[in-house]
Amino acid sequence: MQTYDLIQKTRRKEPLTEAEICFLVDGFTKGVIPDYMMSAWMMAVCCQGLTTEETSALTLAMRDSGDCLDLSTVGGVTVDKHSTGGIGDKTTLLVAPIVAACGGYVPKMSGKGLGFTGGTIDKLESIPGFSVTLSEQEFLKQTREIGCAVISQSGNLTPADKKMYALRNLTATVDSIPLICASIMSKKLALGADCIVLDVKYGSGAFMKTAEDAAILAKQMVDVAKLAGKKCRAVITDMNAPLGCCVGNALEVEEVIHLLHGEEQNRVTELSLALAAQMLFLSGKGDIVQCYRMAEQALTSGEALVKFGQMVAAQGGDPHITDHTDLLPKAACEKIVTAPQSGYIRSIHSEEVGLACLELGAGRTADHPSIDYGAGVRFCCGVGDAIEADAPLCTVYGSTQELCDRAEKRLLDAIAIRKVPPQKTPLIHTIIG
Ligand code: URA
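This report concerns the structure included in the present document. (Residues numbered from 1 in each chain as written. Predicted model: local features only at pLDDT ≥ 70, side-chain atom pairs only at ≥ 80, totals over all residues. Heavy atoms only, no water.)

1. Regarding helix H15 (residues 350-360)
Of the residues making up H15, those classed as buried are Ser350, Val353, Gly354, Ala356, Cys357, Leu358 and Leu360. In this fold, the buried residues of H15 make contact with strand E6 (246-247), strand E8 (343-348), strand E9 (376-379), strand E11 (392-398) and helix H16 (401-414). After H15 finishes, the residue Gly361 shows a positive phi value of roughly 110°. (Buried < 20%, exposed > 50% of the residue type's maximum accessible area, 1.4 Å probe, protein only. Helix = DSSP H or I, 4+ residues; strand = E, 2+ residues; numbered from the N terminus. Contact = heavy atoms within 4.5 Å.)

2. What to know about the site of the ligand
In the vicinity of the ligand, the contacting residues are Tyr165, Arg168, Ile180, Ser183, Ile184, Lys187 and Phe207. Interatomic distance of 2.7 Å between a side-chain N/O atom of Ser183 and a nitrogen atom of the ligand. A distance of 2.5 Å is found between an oxygen atom of the ligand and a side-chain nitrogen or oxygen belonging to Lys187. Surface burial for the ligand is 91%, taken as the share of its 240 Å² of free accessible area covered by protein chains. Residue contributions to the shell around the ligand peak at 4 residues, all from helix H9 (residues 177-191). Along the lines of polarity and charge, the residues of the shell around the ligand split into 4 nonpolar, 1 polar and 2 charged. (Near = heavy atom within 4 Å. Polar contact = N/O pair within 3.5 Å; in protein donor to acceptor, adjacent residues only side chain to side chain. Areas by Shrake-Rupley, 256 points an atom, 1.4 Å probe, with all protein chains shown as cover. Nonpolar A, V, L, I, M, F, W, Y, C, P; charged D, E, K, R; others polar.)

3. What to know about the sheet that holds strand E5 (residues 231-238)
Read from one edge to the other, the open sheet built from 4 strands follows the order E1-E4-E5-E13, with strand pairing classed as mixed. Here the strands that pair on one side only, and so sit at the sheet edges, are strand E1 (79-83) and strand E13 (428-432). Within the sheet, the average angular offset between the axes of one strand and its neighbour, ignoring direction, is 15°. Here E1 runs beside strand E4 (residues 195-202); their pairing, made up of 5 bridges, is parallel. In the strand pairing of E4, Asp80 is matched with Ile196. (Pairing = 2+ DSSP bridges. Axes fitted to C-alpha atoms, helices over the stretch in contact; angles between N-to-C directions.)

This is the structure we're talking about:
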């Protein structure tokens, strides 16, 4: 078998066999197939796509490139949730304790921020003392005893994805549906949960810009999961505006704690309850309506907050944060951004908000590889709200006044205010699977 011939086949849209795909993934992981050949093959995939069978074979080959976890000692049906990445997306921090409070088991491996999108691991690391690296035994024990554990991707899980992802970032081959599907699903399958709920986002703050593309990606991921013997559903959701009122690590943890107190509900709780209901449904806890009610009850009764506190304590974090969010890191400077005119908030461009937060220090860049956990934005209003001229739109947090001034400019460009209110768009577009 020659790599050159396989590149040419994909370029001509001739399907590869399972053995040919394994040859490519195995050879690349072991360093036998050089970067330039894998890049050429991935570019051919970007241009010509793959069949569902090829995508499935690629996912399984990537899963088998490293270790797979054995979750059997958890002692119950395990359920994982994955979001394709967005701005202000803190749902894992609500969903994991909600499902655990309802008797489900959520062993979760999450990622760090990618580009302009935030990462669950960075948010958790803003909690003083919180450790995102547990041994496999500690991870399984905590899931068994508390019902949820969230750690960073570790060990020798899917080394093929690590190498391929790094190469895709350098060769403009990130936004290919089969490659995204195989990258995400290989990691989900290597973790080994029985059920998987996917939150596939579309809009200005997501990798998929349209609901149609998100639906194609979602269908491929659900098909691949089912072919691998998993129960799987995908929820397609709107990421045209940031999710919730805060973007930034400690700021988002603070928002989560506030919402777990059950005193207020917003689009974050709407999505978290919908995802938790799907996870409980796939775990066999009842029909979807019963599961939604269970999730809602866990949130409003404060049981999910208790679970969150138990998870924080088990992973070395300060559990007092559930009542004292002032223990979370704070940025040195802040600035209130006010509305330049009266009207209605027509839109808040998510990607721009993500980039503003990145510049404030809430994410990693080549120049600033470390994170300012207190940096970010807290919005006082959302899309559709009426606003008076000079009323506060949001507060920006950063380490210097200069950074806050720069973010103010960017945010004023990202927030569109118009005389007429916008049409409301639903947060949940469709459910697949
Ligand atoms: N997240 C991943 O893990 N992989 C992708 O390709 C895109 C998003």
